[in-house]
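Here is what each chain is made of, one letter per residue.
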Amino acid sequence: MQKNQRAFICVVAILLISSGYPGAVSAGAPDDYWQQFVHYQMNVSLDPATKMLTGTSSILYRNNSPNTLDKIYLYLYPNAFRNNETIYAKEEAKAYWRMLPNAEAAGWIDITEFRIVPQKLSAKLETAISAFKIDDTILEATLPQPLKPSEEIRIELAFKQKIKKFQDRSGYRGNQFDFAQWYPKICVYDEAGWHPYPFHAQGEFYGEFGTFDVTIDVPFDYIVGATGVVTEGDPGWALVQVDTALSAADWTKKYAEMKFGIAEKMKTQPRRHVSFHAENVHDFAWLTSPDFLYERGAYDGIPIHVLFRSEAKSSWTKAVTERGRRALEWLSTKFGRYPYPQLTITHGLLGGGMEYPMLVMNASESEGLILHEVGHIYFYGIFGNNEQKEAWLDEGFTTFQTRWYFESRDQQNEDPAANKTWLARHRPQNSDNSSNRGWALNYMTSGYNEPISLYSYKFKNGMSYGTNAYTKGSIFYEMLRYVVGAETFDKICHEYFNRWALKHVNEARFKQVCEDVSGMELDWFFQQWLHEAKLVDYSLGAVKREKTVDGKWQTTVEINRNDEGIMPVEVELTLANNEKVRQRWDGKAKKGTVQFTTAVEPRHAALDPNDQIMDKSRLGHGTMRVEFIPEYPRLWNYNPPDAYVVTYKPSLYYNDIDGLRLGMRFNGQYRNTRRLGLAAWYGPNSSELDGRFSFGNRFHPHWNYQLALSKLEGRISGDVSLLGTWSRALFTPPTFNLAIGASYSELPAEDVKYAFRRIEVGNNVLAAPTWSAGKVNQVYLNFNVNPRGITWRSLLSYEIRHANSAFGSDATFTRLQGGLRFWVPTSAGDGFYFRLFHGTFLRQEDDKPLQHLFYAFDANPSEQFDSFYLRSRGALPAEAHYHRPGGGNLRGYFDQPERAGKSL
């Protein structure tokens, strides 16, 4: 049996390779292209009780390269979760302080038998072919004899795997088991050599195309979904197939009958054996659970299998089969017909989605998620790029095609209005494309921008990796479509499929397709958008118009390139009859001009009218509209690229002097810059009109300036400051913040009525002064550092404030304040919180204002002044029982007055 099996593998491999199977040159590929071939035959058995998987694997490996190989490498990815000393665990700990808390959550794979059998076996090699060494997640073995071009070896091994609690794509949760990156897998050998990448916390994988024959043994009540088609046995789908014609009540009864029938069959058939066969794939994934339901759909004769957990029936039933069909139709139309014999969409355990050949694991029924993950069967599955080296080729492309799909259906956002809340339907919102671009521009202008082309695990953090691979990666394709034109881009997509489907792709191969189809030289484009971190910034210069002797109008528009990035840019001229005409400038020089000759008088010019070139600011592109809208909850992220957004809302609060104070607040911003605040309140009893003005802007990636002026409840104040922020990478600690500024405040003696605190002593209500009259003019410096990012609050901070009569201040003092906070977590998830506070006055004059003293139990009145609920007496009922963190922060001193001595 074993000899016949080996012979069969060799014959099948030779026949498939000679007929254009991966490894052979096919239509469209360069003559010197090659790729290796691998055929896995695996038998695995799952024991849910012990969380163990045991198996054997016979791997045929054919060397289609022109080189002779002396070693072989295999990925053992489950070992990334063996303990806290693996590369993966150390990277996770460095980034998130996430640790494997105990042995139950850990997972690993052990190789219990290992043999390498050459094509021509000699007796003297029998004692040397089982040696190997393992480093982290990579197995390395020296071949018993060199593997020459066109020769084959067979690797025979046995393994046992401890299945971890679900983490990072695979594992178990409850009675569901998701198997991804789970088996001993041959590393890729291509024109660059071997790629024995260990399992990193960031990035994905690279696989060798081939054939998989996998037999899976599970308990009978476990339903199985996998890469490939069923060739033997029963995956159990018919036992749990949903009857979509039944009512909810009838289905509940039917489902109970189905579960009872399965339990009865288990009495005589305790285990399920099912075999799957897959060709032209570079990975194999599967999952199993006794809680799955099954539905079936199809596209153009291709079956679509859907497996989902029973509690999700109301949202998955009917919808997912149709969304899967639309995904296959879209991808087949835009790129090339889906080449595999089936598609399986499953309800995975992970929070988002994950792709594998012919199978995706999704957390929800979202159409956008289905389009993204099924798209990955093309961009990673059919086009087998190295996901560690060039993640933009798969993550960027499938993110782009998902957005392209919704744009083609005239949907700005993927979720239909019926699925949105009332607030989401009525408040303004960015389109998905606008949101992606806005986020990308925030990152690109942050001072931490990195090139798209870095290896996944070399990005500074997961946010930078995700932004570059997904967001900027998808925008790369938008920019490409703009440069070559939409019609040419469509042709590029089809030619890319025709030339490189079911092969390994890379930047050079994709670029060659783009240049061949477009007839354009695109070195500059690929270099700038993939390998550099340049910014695009164009603005309109002078616009001159004159009427010629023949009665026509000649308009000359100047364009300035203000940064290093280069893009061809369009100028649109609007005429008096509202007709619009456009011209494109190549954008390469620092300054350029375009000329229009029109029969109708021109009115105004606009630059990049459709916001296509990822300009870092559209200020200077022409007329900027101002949009006034109510301040809806969570409207902070509404930032259209072509408008200055001003939000407004009523503002009211209560105090003992005026009773209910009424007012309005306005806030304006352009893409999170040029922040403007205006507010006004009126006191009916005092007849006082108060107001506040603030403005801030980022003028450097790490620096902002802010200005604030106010007249509030008898107090007049002003502040001007420079704010600087630095960190190792965006959102990655340590984070350093520095504020340098000057402030002015004044409480005239006649307005001290506002500056009292309500104190209750028994049945008596007293009013104690909390604010000293007079002027306090200060300069200050505040520094804080968050060394680990455990909380959003700073862990170490210090502030120096100095007031002096030389500044026109009625008080003179130097005030120091510092704090240290840290959190020591335990493996159980709890921990110990520790805080130190120190405050002192270096000058001991008696005129230290009450509002700047140190309080034992909460923030002082100056620190509370920005909150109009707290700034004056009567703002809240029984105000003495309100605690705002600050000062000594001692709850035991809650109702005590300020600590007015030298220090606290």
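Residues numbered from 1 in each chain as written. Predicted model: local features only at pLDDT ≥ 70, side-chain atom pairs only at ≥ 80, totals over all residues. Heavy atoms only, no water.

Draft legend 1. Fine view of the overall build of the protein chain. Along its length, the protein chain carries 14 helices and 42 strands. In the structure as shown, the protein chain presents an accessible area of about 39200 Å², 54% of it carried by carbon and sulfur atoms. (Helix = DSSP H or I, 4+ residues; strand = E, 2+ residues; numbered from the N terminus. Areas by Shrake-Rupley, 256 points an atom, 1.4 Å probe, with all protein chains shown as cover.)

Draft legend 2. Highlighting the environment of G473. Topologically, G473 is positioned in helix 10 (residues 462-484). Residues within four places of G473 in sequence aside, it is in contact with W392, G396, I452, T467 and N468. (Contact = heavy atoms within 4.5 Å.)

Draft legend 3. Structural context of the pairing of strand 25 (residues 569-575). For strand 25, the tally of buried residues reaches seven of seven residues, placing the bulk of the element in the interior. Two elements, strand 25 and strand 26 (residues 580-585), share six bridges in a ladder whose sense is antiparallel. When the sheet's bridge partners are listed, V569 is paired in strand 26 with W585. With antiparallel pairing between neighbouring strands as the criterion, strand 25 and strand 26 make up a hairpin whose turn holds four residues, including N578 at a positive phi of roughly 70°. Sheet topology places strand 25 next to strand 28 (residues 602-607); five bridges connect them, and they run antiparallel. Across the sheet, the residue bridging to V571 is L607, located in strand 28. (Buried < 20%, exposed > 50% of the residue type's maximum accessible area, 1.4 Å probe, protein only. Pairing = 2+ DSSP bridges.)

Draft legend 4. How the structure looks around the sheet that holds strand 19 (residues 302-309). Strand order in this open sheet of five strands is 18-19-20-22-21, and the pairing throughout is mixed. In the strand order of this sheet, the two ends are held by strand 18 (292-299) and strand 21 (353-356), each with one partner. Each adjacent strand pair in this sheet contributes to an overall mean axis angle of 15°, direction not counted. Bridging between strand 18 and strand 19 involves eight bridges; their strand directions are antiparallel. (Axes fitted to C-alpha atoms, helices over the stretch in contact; angles between N-to-C directions.)

Draft legend 5. Representation of the side chain of S456 within the structure. Here S456 lies in the loop between helix 9 (432-444) and helix 10. Residue classification places S456 among the buried positions, given a relative accessible area of 1%. For S456, the contacting residues outside a window of four places in its chain are Q202, G203, E387, Q388, A391 and Y465.

Draft legend 6. The arrangement of a nonpolar patch on the surface in detail. Among the surface-exposed residues, F699, Y705, L722, F736, I740, L781, F783, Y798 and I800 lie close enough to one another that they form a single nonpolar patch of about 750 Å² accessible area. Mapped by element, the contributors of at least two residues to the nonpolar patch are strand 36 (732-747), strand 39 (774-786) and strand 40 (796-803). Note on L781: relative accessible area 36%, which makes it partly exposed. (Patch = residues over 30% accessible without salt bridge, like charges linked within 9 Å, V, L, I, M, F, W, Y side chains within 5 Å. Salt bridge = Lys/Arg side-chain N within 4 Å of Asp/Glu carboxyl O.)

Draft legend 7. Geometry of helix 13 (residues 523-531). Turning to helix 13, its buried residues are F525, F526, Q528, W529 and L530. On the buried face of helix 13, the contacting elements are helix 9, helix 10 and helix 12 (507-518).

Draft legend 8. How the structure looks around the packing of aromatic side chains. Scanning the model with the defined rule gives 77 aromatic pairs in all. Ring centres of W182 and Y183 lie 5.1 Å apart, and the angle between their planes is 70°; this geometry places the pair in the edge-to-face category. Taking relative accessible area as the criterion, W182 reaches 1% and is therefore assigned buried. Here Y653 and W681 contribute two aromatic rings whose centre-to-centre distance is 6.4 Å and whose plane-to-plane angle is 75°, an arrangement assigned as edge-to-face. With Y653 in strand 30 (residues 643-655) and W681 in strand 32 (residues 673-683), this residue pair connects regions lying 28 residues apart in the sequence. (Phe/Tyr/Trp six-rings, centres within 6.5 Å; stacked < 30°, edge-to-face > 60°.)

Draft legend 9. Looking closely at the sheet that holds strand 27 (residues 591-598). Spatially, three strands are ordered 23-24-27 in an open sheet, and the strand pairing comes out antiparallel. Looking at the sheet topology across the chains shown, the edges are occupied by strand 23 (538-547) and strand 27. In this sheet, neighbouring strand axes are inclined to one another by 20° on average, regardless of whether the strands run parallel or antiparallel.

Draft legend 10. The arrangement of the packing of helix 10 against helix 11 (residues 486-500) in detail. As a packed pair, helix 10 and helix 11 sit with axes 6 Å apart at the nearest point and diverge in direction by 120°. Overall, the two elements helix 10 and helix 11 adopt an arrangement that is oblique. The crossing of helix 10 and helix 11 is right-handed. Contact residues: Y477, L480, R481 and V484 in helix 10; A486, T488, F489 and I492 in helix 11. (Parallel < 35°, antiparallel > 145°, perpendicular 65-115°, else oblique. Left-handed = near helix turned anticlockwise from the far one by under 90°.)

Draft legend 11. Focus on the confidence of the model for the protein chain. In the predicted model, the protein chain carries a mean pLDDT of 88, and the fraction of residues at 70 or more is 87%. Low pLDDT (under 50) marks residues 1-27, which in the prediction has 40 contacts with non-local residues, meaning those over four places away or in another chain. (pLDDT = per-residue confidence, 0-100.)

Draft legend 12. Main features of the state of the cysteines. Across all of its chains, the model carries zero disulfides by this definition. Here C514 is not disulfide-linked; the sulfur of C493 is the nearest cysteine sulfur, at 8.4 Å. (Disulfide = S-S within 2.5 Å.)

Draft legend 13. Representation of the nonpolar core in the model. Within the largest apolar cluster, 171 residues are counted, with the highest numbers of intra-cluster contacts made by I72, W286 and F510. Per-element accounting of this core gives the leading share, nine residues, to helix 10. (Core = buried A, V, L, I, M, F, W, Y, C linked by side-chain atoms within 4.5 Å.)

Draft legend 14. The arrangement of the environment of T137 in detail. Position of T137 among the secondary structure elements: in the loop between strand 5 (133-135) and strand 6 (138-147). Between the alpha carbons of T137 and N79 there is a distance of 5.5 Å; along the sequence they are 58 residues apart. Every residue in contact with T137, bar those within four places of it in the chain, is listed here: L74, Y75, L76, Y77, N79, A80, P198 and F199. A polar contact of 3.5 Å, which involves the side chain of T137, links it to the side chain of D136. (Polar contact = N/O pair within 3.5 Å; in protein donor to acceptor, adjacent residues only side chain to side chain.)

Draft legend 15. Quick peek at the packing of helix 5 (residues 319-334) against helix 7 (residues 395-408). Running from N to C, helix 5 and helix 7 cross one another at 100°; their axes reach a closest spacing of 11 Å. For the element pair helix 5 / helix 7, the angle class is roughly perpendicular. Along its contact with helix 5, which presents R326, W330, L331 and K334, the element helix 7 presents Q401, W404, Y405 and S408.

Draft legend 16. Inspection of the pattern of salt bridges at higher detail. Enumeration over the complete set of coordinates arrives at 48 salt bridges. Between E156 and R154 there is a salt bridge, with the nearest N and O atoms lying 3.1 Å from each other. Using a relative accessible area of 14% as the deciding quantity, one classes E156 as buried. Here R154 falls in the buried class, since its relative accessible area comes to 9%. Of the charged contacts in the structure, one is a salt bridge between E478 and R403, with a shortest N-O distance of 2.8 Å. In this pair, E478 is assigned in helix 10 and R403 in helix 7, connecting sequence segments 75 residues apart. The exposure classification of E478 matches that of R403, with both residues buried.

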